[in-house]
Amino acid sequence: MKYTALMMLALFAATATAAEDVLIARMPEIFAKAAEHYRALDAAATPLKGAGDAKEAVPHGAKPHGDRRVPHGWNAKTGKLDMRSIYWWTSGHFPGSLWYLYEATGDEFFKDRATAWTETLAPNSKVTDNHDVGFIMYCSYGNARRLLKTDKYDALLVETADSLSKRFNPELGLIRSWGALNEKREFLVIPDNMMNLELLEWAAKAKGGDRRFDEIARSHADTTMKHHFRPDGGVFHVLNYDQRPGFVGVVQEIRRGQGRSCETAWSRGQSWAIYGYSMMFRETGERRYLDFAAKLADYAIGHPNMPADGIPYWDFGAPGEERDSSAGAVMASALVELARLVGGKKGAAYRAFAAKQLLALSSPAYFSEGDENGHWLLKHGVGHKPANSEVDVPLDYGDYYFLEALLRYRESGR
Ligand code: GLY
């Protein structure tokens, strides 16, 4: 018997109440354990880098800014924390998780440490050589301004939005994800780029911002919607757009990128897209984004290779291989938001699916105990399987979206 996405959703809705009750009841314990882990991570990282003090923060006489580092992951072989440059695409996630723990616990320790780590990221506001500044600055400074109820970081965030918007090509209607601003041979776009639009949407409405940022975000979302997905809603990873006169905007090449193949859907990419289009509906009220987010979510939830616990394999075309807890966490966070936006029975079913994912992620199968995972929360993340990089490891962004999903879930109530 072939299950359709709608039948699956109805099935989940039926078991929703029990899973939701358990999740709500378990939340204080999950946040308490997460707080313990992040105290340990911060303690392990701080003697190395002394975040928040530019001079102290740079060990071994390294260059200021350029060699500032932020916790990213863990090397199981050496047992050492993996610190990455503040320019690495995930550098906003560790500070962002500290902000979420401040929100979850109210503990001033997390506010202080989140502030210190966040403020090491400032030089990113001028970066124009990649699209990740949205991830980096909005997960850190974006949460800082929201939770501190301050506008002291607004100018920096608007400057970042301006830097990101320099990557927009009006002829193509797209932001270039990777590559130099003036690269002529290729114009590469990935679905992850949808996540960076949230900064633009915020900046469009901010004091000192510009409506142009909203136009850029909509244009990118609409053009991506046209080309980046198969008719069934499965995502491609890398598209290379033509820039030659007469061919402008034509997709000249599809690359598998971090996915298994050009015929399958990379799980985290699918999650980024569900999240991005849900966010675009929240920010613009344009119905087409909501309908599209639901289509992408239905593809994932109803996929025959979706495991029973809702945590996808690293690619929808790789059943039996590694799961990607980060894809599950991003999807759960997106689904909690989508549930609220969609409402009704369909919304309840998305929420129930997210509850199931969050229960799985907070179970011993994924949630770490003691130092078995270098104190990062989630085990079993997959960074880039085709490159054999970061396979079955903790990932800072997995933790970030897991905490965000829990908070969104708690916030939106029952
Ligand atoms: N944005 C890169 C990734 O999801 O791996």
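Residues numbered from 1 in each chain as written. Predicted model: local features only at pLDDT ≥ 70, side-chain atom pairs only at ≥ 80, totals over all residues. Heavy atoms only, no water.

K.L.:
I would appreciate a short explanation of the site of the ligand in the present structure.
P.N.:
Close to the ligand lie Trp89, Asp192, Gln258, Trp266, Arg268 and Trp272, which account for all nearby residues. In this structure, an oxygen atom belonging to the ligand sits 2.8 Å away from a side-chain N or O atom of Gln258. A molecule is said to occupy a pocket when more than half its atoms come within 2 Å of that pocket's grid points, and by this definition the ligand occupies the second largest pocket. Taken together, the residues of the shell around the ligand break down into three nonpolar, one polar and two charged. (Near = heavy atom within 4 Å. Polar contact = N/O pair within 3.5 Å; in protein donor to acceptor, adjacent residues only side chain to side chain. 1 Å grid on protein atoms, 1.4 Å probe; cavity = no way out; pocket = protein on both sides within 12 Å on 5 of 7 lines; lining within 4 Å. Sits in = over half its atoms within 2 Å of the grid points. Nonpolar A, V, L, I, M, F, W, Y, C, P; charged D, E, K, R; others polar.)

K.L.:
Teacher, can you tell me more about the environment of Phe187 here?
P.N.:
Relative to the helices and strands, Phe187 resides in the loop between β4 (174–175) and β5 (188–189). A relative accessible area of 1% means that Phe187 is categorised as buried. Along the sequence, Phe187 and Asn240 sit 53 residues apart, while their C-alpha atoms lie 5.2 Å from each other. (Helix = DSSP H or I, 4+ residues; strand = E, 2+ residues; numbered from the N terminus. Buried < 20%, exposed > 50% of the residue type's maximum accessible area, 1.4 Å probe, protein only.)

K.L.:
What should I look at first to understand the pattern of salt bridges in this one?
P.N.:
Close approach of charged atoms allows side chains with opposite charge to pair. Throughout the structure, instances matching the rule amount to 40 salt bridges. Ionic pairing is found between Lys33 and Glu369, a salt bridge with its closest N-O pair at 2.9 Å. Of the two residues, Lys33 sits in helix α2 (residues 16–49) while Glu369 sits in the loop between α12 (344–361) and β8 (381–384), which places them 336 residues apart along the sequence. In this structure, Glu283 and Lys205 form a salt bridge, with 2.6 Å as the shortest nitrogen-oxygen distance. (Salt bridge = Lys/Arg side-chain N within 4 Å of Asp/Glu carboxyl O.)

K.L.:
Where do I start with the pairing of strand β1 (residues 69–75) in this structure?
P.N.:
Residues in a regular strand point their side chains to alternate faces of the sheet. Of all seven residues in β1, five are buried; the element is thus mostly enclosed. Where β1 hands over to strand β2 (residues 80–85), the hairpin turn is made up of four residues, of which Gly79 adopts a positive phi near 75°. (Pairing = 2+ DSSP bridges.)

K.L.:
Help me understand the side chain of Gln243, please; the structure alone is not making it clear to me.
P.N.:
As for its position among the elements, Gln243 is in the loop between β6 (238–241) and β7 (251–255). One polar contact links the side chain of Gln243 to the main-chain carbonyl oxygen of Glu183, over a distance of 3.2 Å. A distance of 3.1 Å separates the side chain of Gln243 from the backbone oxygen of Lys184, its partner in a polar contact.

K.L.:
Would you take a moment to explain the packing of helix α11 (residues 325–342) against α12 for this structure?
P.N.:
Geometrically, a packed helix pair is captured by the angle between its two axes and the distance between the axes. Where α11 meets α12, the closest approach of the two axes is 8 Å, and the angle between their N-to-C directions is 155°. When the interaxial angle is binned, α11 and α12 end up roughly antiparallel. For the pair α11 and α12, the crossing hand works out as left-handed. Counting all contacts with α11, which are made through Ser325, Gly328, Ala329, Met331, Ala332, Leu335, Val336, Leu338, Ala339 and Val342, the residues of α12 involved are Gly344, Lys346, Gly347, Tyr350, Arg351, Phe353, Ala354, Gln357, Leu358 and Leu361. (Axes fitted to C-alpha atoms, helices over the stretch in contact; angles between N-to-C directions. Parallel < 35°, antiparallel > 145°, perpendicular 65-115°, else oblique. Left-handed = near helix turned anticlockwise from the far one by under 90°. Contact = heavy atoms within 4.5 Å.)

K.L.:
Just checking my understanding: could you explain the sheet that holds β7 for this structure?
P.N.:
Where strands meet in a sheet, backbone hydrogen bonds hold them as pairs that are either parallel or antiparallel. Overall, antiparallel pairing links the three strands, which are arranged β5-β6-β7 in an open sheet. Strands with a single pairing partner mark the edges of an open sheet, and in this sheet they are β5 and β7. Contacting β5, β6 and β7, helix α8 (residues 212–227) runs over the sheet at an angle of about 105° to β6.

K.L.:
How should the packing of aromatic side chains be read in this particular structure?
P.N.:
Each pair of aromatic rings is reported with the distance of its centres and the angle of its planes. With the rule as written, the count across this model stands at 22 aromatic pairs. Relative to Trp272, the ring of Trp89 has its centre 6.3 Å away and its plane inclined at 85°; by these criteria the two rings are edge-to-face. Of the two residues, Trp89 sits in the loop between β2 and α3 (93–105) while Trp272 sits in helix α9 (residues 267–284), which places them 183 residues apart along the sequence. Just as Trp89 is buried, Trp272 falls in that class too. Both rings, one in Tyr100 and one in Tyr400, keep their centres 4.8 Å apart while their planes meet at 40°; by these two values the pair is tilted. (Phe/Tyr/Trp six-rings, centres within 6.5 Å; stacked < 30°, edge-to-face > 60°.)

K.L.:
Looking at this structure, I do not really get helix α10 (residues 287–301). What am I missing?
P.N.:
Residues spaced three or four apart along an α-helix face the same direction, because each turn holds 3.6 residues. Its 15 residues place the ends of α10 21 Å apart at the C-alpha level, agreeing with the 21 Å of an ideal helix rising 1.5 Å per residue. Of all 15 residues making up α10, 11 are buried, and the element is well covered by its neighbours. For α10, the full list of buried residues reads Tyr289, Leu290, Phe292, Ala293, Ala294, Leu296, Ala297, Asp298, Tyr299, Ala300 and Ile301. (Expected span 1.5 Å × (residues − 1).)

K.L.:
Would you explain the layout of surface pockets in this entry?
P.N.:
If you roll a probe as big as a water molecule over the atoms, it shows you where there is empty space left. The space that makes up the largest pocket amounts to roughly 680 Å³. At the level of secondary structure, the elements contributing two or more residues to the lining of the largest pocket comprise α3, α5 (133–148), α7 (197–205), α9, α11 and α13 (396–412). Considering every element that reaches the lining of the largest pocket, the biggest residue donor is α5, with eight residues. Here the lining of the largest pocket is composed, by residue class, of 11 nonpolar, four polar and 11 charged. Approximately 500 Å³ is the volume attributed to the second largest pocket. Along the wall of the second largest pocket there are 29 residues; nearest its centre are Trp88, Trp89, Asp132, Trp178 and Gln258. Of all elements in the fold, only α5, α9, β8 and β9 (389–393) reach the threshold of two or more residues within the lining of the second largest pocket. Counting residues per element, the lining of the second largest pocket draws most heavily on α5, at three residues. Counted by class, the lining of the second largest pocket contains 12 nonpolar, 11 polar and six charged residues. (Points joined across faces, edges and corners; volume = space filled by probe spheres on them.)

K.L.:
Explanation requested: α9 in the structure shown.
P.N.:
Counted at 1.5 Å a residue, the expected span for α9 with its 18 residues is 26 Å, and the 26 Å between its end C-alpha atoms agrees. Judged by how many residues are buried, α9 sits mostly within the fold: 16 of 18 residues are covered. Two residues or fewer past α9, Gly285 is found with a positive phi of approximately 75°.

K.L.:
I would appreciate a short explanation of the pairing of β2 in the present structure.
P.N.:
As paired strands, β1 and β2 are joined by six bridges and run antiparallel to one another. Along β2, the bridge assignment pairs Gly73 with Asp82.

K.L.:
Help me out: how do you make sense of the packing of α9 against α11 in this one?
P.N.:
Between α9 and α11, the shortest axis-to-axis distance is 8 Å and the interhelical angle comes to 25°. Put simply, α9 runs roughly parallel to α11. Our pair here, α9 against α11, has a crossing hand that is left-handed. Within the contact between the two elements, α9 uses Ser267, Arg268, Ser271, Trp272, Ile274, Tyr275, Ser278, Met279, Phe281 and Arg282 and α11 uses Ser326, Ala327, Val330, Met331, Ser333, Ala334, Glu337, Leu338, Arg340 and Leu341. Looking at the contact of α9 with α11 residue by residue, the class counts come to 11 nonpolar, five polar and four charged.

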